[in-house]
Protein chains: 2
Amino acid sequence: MRDLSGDAALLSLNTATLGPGRSLKDAVEACLRHGIGGISPWRDKIAEAGLAEARRMIERAGLTVTGVCRGGMFPAADAEGRKQALTENRRAVDEAATLQAACLVLVVGGLPPGSKDIAGARQQVADGLAATLDYARSVGVRLAIEPLHPMYAADRACINTLAQALDLCDRLGAGVGVAVDVYHLWWDPALHAQIARAGRDGRLDAYHVCDWLVPTRDMLTDRGMMGDGVIALKDIRRSVEQAGFVGLCEVEIFSALDWWAKPIDTILETMVERGKTCV
Amino acid sequence: MRDLSGDAALLSLNTATLGPGRSLKDAVEACLRHGIGGISPWRDKIAEAGLAEARRMIERAGLTVTGVCRGGMFPAADAEGRKQALTENRRAVDEAATLQAACLVLVVGGLPPGSKDIAGARQQVADGLAATLDYARSVGVRLAIEPLHPMYAADRACINTLAQALDLCDRLGAGVGVAVDVYHLWWDPALHAQIARAGRDGRLDAYHVCDWLVPTRDMLTDRGMMGDGVIALKDIRRSVEQAGFVGLCEVEIFSALDWWAKPIDTILETMVERGKTCV
């Protein structure tokens, strides 16, 4: 297991951790100030900065791009909606290529409006992924399916366990893997076995950390800073690294109720300290 | 698949559906007024009425007791806490026996305070269940493990899928089964296969219905009335009945934000109408 206690070079900052009001420039500069080794930008922040400028900023700062967030959202109520999703996913792939990201993270989407057919939604995800994967392979971008917590199955992602994501990867073949986010997966009794499977198959493309708070006051934006919740973070990182993961630990904390209201340097100081002691 | 469209005889009212302010007497009388065939009382309502009086009321009304809610909550920070949990579970078994309930429903408990050891909590659950099962067998009460949604893994139940519950049943042997609640399990890609497994093993002890709302505004008390959410209820009931379930469909809706504020007869009229059309 790697030693993270010395510095923050093996941490990556997901821009969502700073909250909606901060720019990509804010995030890049904060990474430099705090010795953080990588960044994972959301697409709205890339658009705000402009893709070319985003690339320049990140390159100049020497940051590893651990992912671009996010593609996906494949299911739609009609063929036109599904086509639009594919177009949007090609754009996301292009951005990931430009930024030389380790992967494009995919939040696959939930039920189309009015639908109760989760099996059908899953089939739409498989179809959308297959189409996007053809293109991603052609430009050398890896796709990383992020299984989301089952509480998001209806409205955000109908891929909800690592086993389910890896089964889908098996059907899709090369070029696609998984983003393991402790927030979504910590509860799964099969987690460690499936992490090992992901490693064997060469599909561990990203590792995201935060914590699960008790109580959780909001289903979307009450994630905890590492160490403030109940997730056995070191046990999970041990499994991920034993499975061969050599990438950075990406910190992604949606926290409207707490961290987003704080100054950037307070967030990053805490993130770095917890990275050294809790991750 | 049974025809529910004629009356409410195959529905059971879980007392939680009426909200905290209503008594067991309120619930029993409401069942009679609306032709509902069964009831599933929470233990606080039994205590309020007195166990003997609860039995008299329910017998006089001719209601089937589809379950007693609830035993469980096995994990604790120390041996004394675990012992108290076992004592409390014996009491719950006794109440289920007195009321001739189809089962004692078990919400198994989550992490002990301060713990991040979910595997340890699961072992405590297995140990507590084994001890309680010995007693339950001796008085002829079936235990029904209710796998809870993964969003409750930390604080309510660390058994979170039907497969996990059935694996535990396999270790425990006879006298224990599962309560299948659509709210907790609808998202699981293995749901239908595991329902079939539960049926083959004779472990389908209870079937609970409500609906999953989009958005869900509160993690605990924003369950929907059947038909108001995204769960394919008829598909799940079909699986449950094909697997051999012949019990009543128990309606359990925690809804502080909506239904609990309504008059009892409004809740029950809607429940009966939805039972005929949506379940």
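Residues numbered from 1 in each chain as written. Chains lettered and ligands numbered in written order. Predicted model: local features only at pLDDT ≥ 70, side-chain atom pairs only at ≥ 80, totals over all residues. Heavy atoms only, no water.

The subject of this paragraph is the side chain of arginine 122 of chain A. Within the secondary structure layout, arginine 122 of chain A lies in helix H5 (residues 118–139). Look at arginine 122 of chain A: it is buried, it has no salt bridge, and the nearest opposite charge is aspartate 188 of chain B at 6.7 Å. Apart from the residues within four sequence positions on either side, arginine 122 of chain A is in contact with Cys158, Asn160 and Gln164 of chain A together with Trp187, Asp188 and Pro189 of chain B. (Helix = DSSP H or I, 4+ residues; strand = E, 2+ residues; numbered from the N terminus. Buried < 20%, exposed > 50% of the residue type's maximum accessible area, 1.4 Å probe, protein only. Lys, Arg positive; Asp, Glu negative; His and termini not counted. Salt bridge = Lys/Arg side-chain N within 4 Å of Asp/Glu carboxyl O. Contact = heavy atoms within 4.5 Å.)

This next bit is on the confidence of the model for chain A. Confidence in the prediction of chain A, expressed as mean pLDDT, is 98, and 100% of residues score 70 or more. Overall fold confidence for the complex sits at a pTM of 0.98, while the interface term, ipTM, reaches 0.97. (pLDDT = per-residue confidence, 0-100.)

This structure, assessed with the given rule, holds 46 salt bridges over all chains. A salt bridge links arginine 223 of chain A to aspartate 181 of chain A, with the nearest nitrogen and oxygen atoms 3.6 Å apart. Highlighted residues: arginine 223 of chain A in the loop between strand S8 (204–209) and helix H9 (233–242) and aspartate 181 of chain A in strand S7 (residues 176–181), separated in sequence by 42 residues. The same class applies to arginine 223 of chain A and to aspartate 181 of chain A, which are both buried. We note a salt bridge from aspartate 228 of chain B to arginine 274 of chain B, for which the minimum N-O separation is 2.8 Å. Here arginine 274 of chain B lies in helix H10 (residues 264–277) and aspartate 228 of chain B lies in the loop between strand S8 (204–209) and helix H9 (233–242), a separation of 46 residues in the sequence. Exposure remark for arginine 274 of chain B: the relative accessible area of 17% places this residue in the buried category. Counted as one network, the salt bridges with shared partners bring together Arg43, Glu88, Arg91 and Glu95 of chain A.

Residue and element names in this part refer to chain B. Examined against the element boundaries, threonine 15 turns out to sit in the loop between strand S1 (11–14) and helix H1 (24–34). Judged by relative accessible area, which is 5%, threonine 15 ranks as buried. Placed twelve residues apart in sequence, threonine 15 and alanine 27 show a C-alpha to C-alpha distance of 6.4 Å. When near neighbours in sequence (up to four residues on either side) are disregarded, threonine 15 contacts Leu24, Ala27, Ile39, Ser40, Pro41, Trp42 and Lys45.

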